[in-house]
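Overview (structure and organization)
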Amino acid sequence: MTTNALKSSGPSAGRAGDKIFSGAALAAGILILLTLFAVAVFLFIQALPTFAADPADISGGEGFFGYIFPIVIGTVIAAVIALLIATPVGIAVALFISHYAPRKVAGPLGYVIDLLAAIPSVIYGAWGYLVLAPALVPVYEWLAENLGFIPIFGGPASQTGKTMLTAGIVLAVMVLPIITSLSREIFLQTPKLHEEAALALGATRWEMITTAVIPFARPGIISAVMLGLGRALGETMAVALVLSTGGLIPSLIQSGNQTIAAEIALNFPEAFGLRLAELIAAGLVLFVITLIVNMIARAIIARHKEFSGAN
């Protein structure tokens with residue numbers, strides 16, 4: 001009797017558990033969407049005074065667009081510099097750990113890379129301000145003297161080293177663990193049959209990586225880079241400590257430029273009235289930029305998802 005009762009109750013209990021889990025997962029997804037919607041609505045309502053104000057009353061006296069455009073460009077420049085440095089280095093380190101390094105080296109090196117992600121951003125900022133920026137001053141002077149005809153290296157070079165290029169390098173170090181860790185895990189998931197088939201056909205190890213590993217890992221690499229981009233776009237304290245803020249300039253080795261996150265962090269504590277609405281509107285712009293970046297990333301990943309190592 002007891003055995004029969006257990007057999008009869010087993011499938012129904014399993015179905016009930018599936019329904020509970022499915023409902024909890026659905027509720028969590030809906031909660032996230034509602035939270036994002038609530039954040040967007042809050043930012044928009046709080047930013048409304050900025051959009052309705054006289055352009056002369058906005059910081060800079062040229063309206064909200066004239067105020068936000070330079071710091072949007074500065075935000076994009078800092079993020080692009082970070083990705084240009086961190087993406088090839090992160091992918092190379094991930095490939096070394098997954099396919100080249102001996103197991104005794106790969107394990108500890110992977111742990112060290114993962115630990116870099118746990119360092120607070122203010123520590124990176126302090127390192128960039130106290131160590132990296134002074135060390136880069138001679139490099140900036142050389143760039144200004146020898147490559148000053150290129151606008152991004154135009155002089156005079158900053159004597160403190162607190163420039164947009166320094167901020168980009170610090171951001172690159174900060175996003176490097178994200179790109180490296182995710183890429184490494186994707187590389188390790190490449191089906192062994194694909195790798196062995198490439199090697200059996202006479203491919204070298206590098207040819208095997210380019211023909212079997214990279215195509216399989218492409219969506220994951222894109223996801224890792226986009227996650228790093230999100231970190232770089234929203235980073236506050238490190239940029240605020242490393243960058244000597246100023247107007248938008250093309251040179252990366254002069255003091256100047258600004259990012260949205262640093263603009264908010266530096267001015268929010270003392271802001272009130274219309275100035276506070278300006279900063280919230282800037283946060284809304286950063287929210288929209290991040291949303292667009294993630295949508296583009298999802299579209300790129302969906303385009304390549306047909307390739308599967310299981311096929």
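Residues numbered from 1 in each chain as written. Predicted model: local features only at pLDDT ≥ 70, side-chain atom pairs only at ≥ 80, totals over all residues. Heavy atoms only, no water.

Enumeration over the complete set of coordinates arrives at 6 salt bridges. The residue E185 makes a salt bridge to R184 at a minimum N-O spacing of 3.1 Å. R184 gets classed as buried once you look at its relative accessible area, which sits at 8%. A salt bridge links R275 to E263; the nearest nitrogen and oxygen atoms lie 2.9 Å apart. Here R275 is found in helix 10 (residues 274–304), whereas its partner E263 is found in helix 9 (residues 260–267), with 12 residues between them in sequence. One salt-bridge network, in which partners are shared between bridges, spans D114, R184 and E185. (Salt bridge = Lys/Arg side-chain N within 4 Å of Asp/Glu carboxyl O. Buried < 20%, exposed > 50% of the residue type's maximum accessible area, 1.4 Å probe, protein only. Helix = DSSP H or I, 4+ residues; strand = E, 2+ residues; numbered from the N terminus.)

Before going further, it helps to examine a nonpolar patch on the surface. On the surface, a cluster of nonpolar side chains totalling about 550 Å² of accessible area is made up of F37, V41, F44, I45, L48 and F51. Looking at where F44 falls in the secondary structure, it is placed in helix 1 (residues 2–52). Take F44: its relative accessible area is 41%, and that puts it in the partly exposed class. (Patch = residues over 30% accessible without salt bridge, like charges linked within 9 Å, V, L, I, M, F, W, Y side chains within 5 Å. Areas by Shrake-Rupley, 256 points an atom, 1.4 Å probe, with all protein chains shown as cover.)

Relative orientation of the contacting elements helix 2 (residues 63–100) and helix 3 (residues 103–116) amounts to 150°, with a least axis distance of 9 Å. Put simply, helix 2 runs roughly antiparallel to helix 3. The two elements helix 2 and helix 3 meet at a crossing, and its hand is left-handed. Along the contact surface, helix 2 presents V93, F96 and I97, while helix 3 presents A106, L109, G110 and I113. Of the residues in the contact of helix 2 with helix 3, the class split is 6 nonpolar, 1 polar and no charged. (Axes fitted to C-alpha atoms, helices over the stretch in contact; angles between N-to-C directions. Parallel < 35°, antiparallel > 145°, perpendicular 65-115°, else oblique. Left-handed = near helix turned anticlockwise from the far one by under 90°. Contact = heavy atoms within 4.5 Å. Nonpolar A, V, L, I, M, F, W, Y, C, P; charged D, E, K, R; others polar.)

With that settled, the discussion passes to the confidence of the model for the protein. Mean pLDDT for the protein: 84, with 93% of residues reaching 70 or above. Averaged pLDDT values for the elements of the protein fall to 79 in helix 1 and rise to 90 in helix 5 (residues 164–188). (pLDDT = per-residue confidence, 0-100.)

The subject of this paragraph is the packing of helix 6 (residues 192–200) against helix 7 (residues 205–234). The geometry of helix 6 relative to helix 7 is characterised by a closest axis approach of 9 Å and an angle of 135° between their N-to-C directions. The pairing of helix 6 with helix 7 is recorded here as oblique in orientation. Both helix 6 and helix 7 take part in a crossing whose hand is right-handed. Along its contact with helix 6, which presents H194, E195, A198 and L199, the element helix 7 presents R205, M208, T211, A212 and V213.

This part takes up the environment of M295. As for its position among the elements, M295 is in helix 10. Linking M295 and G74, residues 221 residues apart in sequence, is a C-alpha distance of 22 Å.

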